[in-house]
Amino acid sequence: MQIFIKIHPDDKAAVALKPLKEHQVLIADGEEIILTEPIPQGHKFALCDIQEGEEIVKYGAPVGVAKCNIKKGSWIHTHNMKTGLGDLLTYTYEPKQAEPLISQETHYFQGFRRTDGKAGVRNEVWIIPTVGCVNNVASAIERRAQGFIKGSVDTVAAFPHPYGCSQMGDDQENTRRILADLAGHPNAGGVLVLGLGCENSNIDILKEYIGDYDPDRVKFLAAQESEDEIEDGLKLVKELIEYAEGFERTDIPCSELVIGMKCGGSDGLSGITANPAVGRFSDLLIAEGGTTILTEVPEMFGAETLLMNRCENEELYNKTVALINDFKNYFISHNQTIYENPSPGNKKGGISTLEDKSLGCTQKSGSAPVKGVLAYGEQVKTKGLNLLSAPGNDLVASTALAASGAHIVLFTTGRGTPFASPVPTVKISSNSALYEHKRNWIDFNCGSMVENKSLEEIGEELFRYVTDVASGKKVKSEEAGFHDLAIFKQGVTL
């Protein structure tokens, strides 16, 4: 079994794949390395002497700068390295395209074909509050409606959130766009839009954002206009269930799948196992004609040029530059440090700087060219790999992926989390210890990549697992009954 990995030939740091002991003797590139101290799993150690101020290279790229002289065989982490990133940068388009994968056959999943031609992977009835004031009403309707579920309907789910009123400008627009996007999501066989009546984003306003809709599929209720909003809401949900149960699963080509990609609670193995596995999955799905969406822009900082140079054309390159710089300016406008990352959990798992985190994070994008760049709340239109503007926050970013059209979110993690999103959220562990410890959270294990499986093998396994989920297999958060929604808050609250 491999006990450490040098990811790229140019690397000056290797990663421990299991806990290593002080004075342990290792061989790297034919040279003997004697560890000067214990190295925790997922953490880095020096393959050569590194001088103060010298770049520390991992993934074949700088992940930070040495704060002091670091001896060969020493542990490298936050105590002796720091970020080498600056603020706003000037970029140059240097296109680099890898040889694309070519699918040898067409794969299918069992999904729901909607009347507008879209495909869904779930047949749920959603209750979407227009404003936080009716959250408890939405949740009460959800609880009582479970007894009405029948036929092909999977569940009734409410999505409470604290917004919809006392907002201004882009902040209000974000809420309206996200709620309208979810109202049209094909995973919902029926939707009840539940309003209060006096809020800024009231039903009449939200209808303008939703656009054309099927009145059998989308129904509206303003609580202030109802004598008993819960009973009236239940009546409408019953009608939506009657409508939605008319849909049955049928063969749909995987070219119609849209998959969101996100990571959180990452560790030093995330960029070696789980994230590359998702990248391999992304390449396989795109080879089928499918679509993937990568988000969490602040966790592209330090690896952004890799994505920029994979843009299919200069227009997309310029959009990606704006994607990065707009988010940096967002930090600056709020007087916050751009590189206030990684989190305490990331550091405990072996990630030392933002570029260390970002170079691992962007492994989820695989090698396909960037075909689209999306604003927050914008729905995906172009097949292939898309970049989406959203923050790194797990719930906010996963909701943004769903709103942009993702049927399923793939969420890699080295530490684990129970959260869900509006769509099935597949938890993928970077290490086997997490998978064994939290089987009630984790759906798929990539820890076997450092034990006995290749990237190609695990990528194929993940592809089959995702098609199973698309065909109705419930993920752990669904089995627990979890559905979460979080909207990106920007601006003042009145």
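Q: I tried to follow a nonpolar patch on the surface on my own but got confused; where do I start?
A: There is a patch of nonpolar side chains on the surface, built from V25, I27 and I34 and spanning about 270 Å² of accessible area. Mapped onto the elements of the fold, I27 is located in strand β3 (residues 25-28). Classification of I27 as exposed rests on a relative accessible area of 53%.

Q: I'm lost on the packing of helix α1 (residues 135-145) against helix α4 (residues 229-244) in this one. Help?
A: Packed helix pairs are specified by the crossing angle of their axes together with the interaxial distance, meaning the distance between the axes. Viewed as axis vectors pointing N to C, α1 and α4 meet at an angle of 50°, and their least axial separation amounts to 9 Å. When the interaxial angle is binned, α1 and α4 end up oblique. The interaxial crossing formed by α1 with α4 has right-handed handedness. Taking contact as the criterion, the partners of V137, A140, I141, R144 and A145 in α1 are, on α4, E229, I230, E231, G233, L234, V237 and I241. Per-class residue counts for the contact of α1 with α4 are eight nonpolar, one polar and three charged.

Q: Just to check I follow, could you spell out the environment of E54 for this structure?
A: Along the chain, E54 turns up in the loop between β5 (44-46) and β6 (55-58). For the pair E54 and V65, spaced 11 residues apart in the sequence, the C-alpha separation amounts to 5.6 Å. When neighbours within four sequence positions are excluded, E54 is seen to be in contact with K12, D49, G64, V65 and A66.

Q: Could you clarify how one ought to interpret the sheet that holds strand β2 (residues 13-16) in this entry?
A: Backbone-to-backbone hydrogen bonds pair the strands of a sheet. The strands run either parallel or antiparallel. Ordered in space as β1-β2-β5-β8, the four strands form an open sheet in which the pairing is antiparallel. With partners counted over all chains shown, the strands left at the sheet margins are β1 (4-5) and β8 (75-76), one partner each. Two strands pair when backbone bridges link them, and β1 and β2 are joined in this way by two bridges, in the antiparallel orientation. The partner of I5 across the bridge, within β2, is V15.

Q: Hey, could you run me through the nonpolar core in this one?
A: It is characteristic of soluble globular proteins that their nonpolar side chains tend to be buried jointly. By size, the foremost hydrophobic cluster in this structure holds 92 residues, and its most contacted members are I408, L410 and I428. Ignoring sequence-local partners within four residues, the contact set of I408 consists of V121, V258, I259, G260, V423, P424, V426, V466, V469 and A470. Core analysis: the second largest hydrophobic core is formed by 22 residues, L194, L221, A223 and A244 among them.

Q: Could you clarify how one ought to interpret the pattern of salt bridges in this entry?
A: Following the criterion strictly, the structure yields 22 salt bridges and no others. For the salt bridge of K44 with D356, the shortest nitrogen-to-oxygen distance reads 2.8 Å. On the criterion of sequence distance, the pair formed by K44 in strand β5 and D356 in helix α9 (residues 354-361) is long-range, its members being 312 residues apart. For K219, the salt bridge is made with E239, and the minimal N-O distance between the two is 3.6 Å. Placement of the pair is K219 in strand β15 (residues 218-222) and E239 in helix α4, with a sequence separation of 20 residues. Owing to a relative accessible area of 34%, E239 belongs among the partly exposed residues under this scheme. A single network of salt bridges, built from pairs that share partners, joins K262, E296, K364 and D394.

Q: Before we go on, may I ask you to explain the side chain of E304 in this structure?
A: Tracing the backbone shows E304 in helix α6 (residues 304-308). For E304, the residues in contact, after removing those within four places along its chain, are L89, Y91, I324 and K328.

Q: Would you mind showing me how to read the sheet that holds strand β14 (residues 188-195) here?
A: Pairing in this open sheet of four strands is parallel, and the strands run β13-β12-β14-β15 from one edge to the other. A strand with exactly one partner marks an edge of an open sheet, and here the two such strands are β13 (156-158) and β15. Each adjacent strand pair in this sheet contributes to an overall mean axis angle of 20°, direction not counted. The strands that α1 touches are β12 (124-129), β13 and β14; relative to β13, the one it contacts most, it runs at about 165°.

Q: Where do I start with the packing of aromatic side chains in this structure?
A: Each aromatic ring pair is specified by the distance between its two centres and by the angle formed by the two planes. Applying the stated criterion across every chain, the model contains 15 aromatic pairs. Judged by centre distance (5.9 Å) and plane angle (45°), the rings of F281 and F463 are tilted. With F281 in helix α5 (residues 274-287) and F463 in helix α12 (residues 455-470), this pair connects stretches of sequence that are 182 residues apart. This pair shows no difference in class: F281 is buried, exactly as F463 is. Ring centres of Y330 and F331 lie 5.9 Å apart, and the angle between their planes is 90°; this geometry places the pair in the edge-to-face category. By relative accessible area, which is 24% here, Y330 ends up partly exposed.

Q: What is the right way to read the state of the cysteines from this model?
A: What the rule picks out here adds up to zero disulfides. Residue C48 stays outside any disulfide, its sulfur separated by 14 Å from that of C68, the closest cysteine. Its sulfur unpaired, C133 is 6.4 Å from the next cysteine sulfur, which belongs to C165.

Q: Even after reading the chapter, I still don't get helix α2 (residues 169-183), so can you show me in this structure?
A: Along an α-helix, a turn takes 3.6 residues, which lines up residues three or four apart on a common side. With 15 residues, α2 extends 22 Å from end C-alpha to end C-alpha; this agrees with the ideal 21 Å at 1.5 Å per step. Among the residues making up α2, those that are buried are D171, Q172, N174, T175, R176, I178, L179, A180, D181, L182 and A183. Of the surrounding secondary structure, the elements contacted by the buried residues of α2 are β12, β14, α3 (203-210), β15 and α10 (394-403).

Q: What am I meant to see in the environment of N325 here?
A: Tracing the backbone through its elements, the reader meets N325 in helix α7 (residues 314-333). Since its relative accessible area comes to 15%, N325 is described here as buried. For the pair N325 and T90, spaced 235 residues apart in sequence, the C-alpha to C-alpha distance is 9.8 Å. Those residues in contact with N325 that lie beyond four places of it in its chain are L88, L89 and Y91.

Q: Could you clarify how one ought to interpret the pairing of strand β21 (residues 408-413) in this entry?
A: A regular strand places its side chains so that they alternate between the two faces of the sheet. Of all six residues in β21, six are buried; the element is thus mostly enclosed. Of the two faces of β21, both are covered, the one formed by I408, L410 and T412 as well as the one formed by V409, F411 and T413. Bridge analysis of strand β17 (residues 258-263) against β21 gives five bridges, and the strand direction is parallel. Within β21, the residue paired with G260 across the bridge is V409.

Q: Would you explain unusual backbone geometry in this entry?
A: Where the residue is not glycine, phi is negative for most of them; where a peptide bond is considered, it is trans in most cases. In the Ramachandran plot, S166 falls in the positive-phi region, its phi being about 60° despite a non-glycine side chain. Non-glycine residue E296 carries a positive phi angle of around 60°. Along the chain, E296 falls in the loop between β18 (291-294) and α6. Given the relative accessible area of 0%, E296 is considered buried.

Rules behind the numbers
- Residues numbered from 1 in each chain as written.
- Predicted model: local features only at pLDDT ≥ 70, side-chain atom pairs only at ≥ 80, totals over all residues.
- Heavy atoms only, no water.
- Patch = residues over 30% accessible without salt bridge, like charges linked within 9 Å, V, L, I, M, F, W, Y side chains within 5 Å.
- Areas by Shrake-Rupley, 256 points an atom, 1.4 Å probe, with all protein chains shown as cover.
- Salt bridge = Lys/Arg side-chain N within 4 Å of Asp/Glu carboxyl O.
- Helix = DSSP H or I, 4+ residues; strand = E, 2+ residues; numbered from the N terminus.
- Buried < 20%, exposed > 50% of the residue type's maximum accessible area, 1.4 Å probe, protein only.
- Axes fitted to C-alpha atoms, helices over the stretch in contact; angles between N-to-C directions.
- Parallel < 35°, antiparallel > 145°, perpendicular 65-115°, else oblique.
- Left-handed = near helix turned anticlockwise from the far one by under 90°.
- Contact = heavy atoms within 4.5 Å.
- Nonpolar A, V, L, I, M, F, W, Y, C, P; charged D, E, K, R; others polar.
- Pairing = 2+ DSSP bridges.
- Core = buried A, V, L, I, M, F, W, Y, C linked by side-chain atoms within 4.5 Å.
- Phe/Tyr/Trp six-rings, centres within 6.5 Å; stacked < 30°, edge-to-face > 60°.
- Disulfide = S-S within 2.5 Å.
- Expected span 1.5 Å × (residues − 1).

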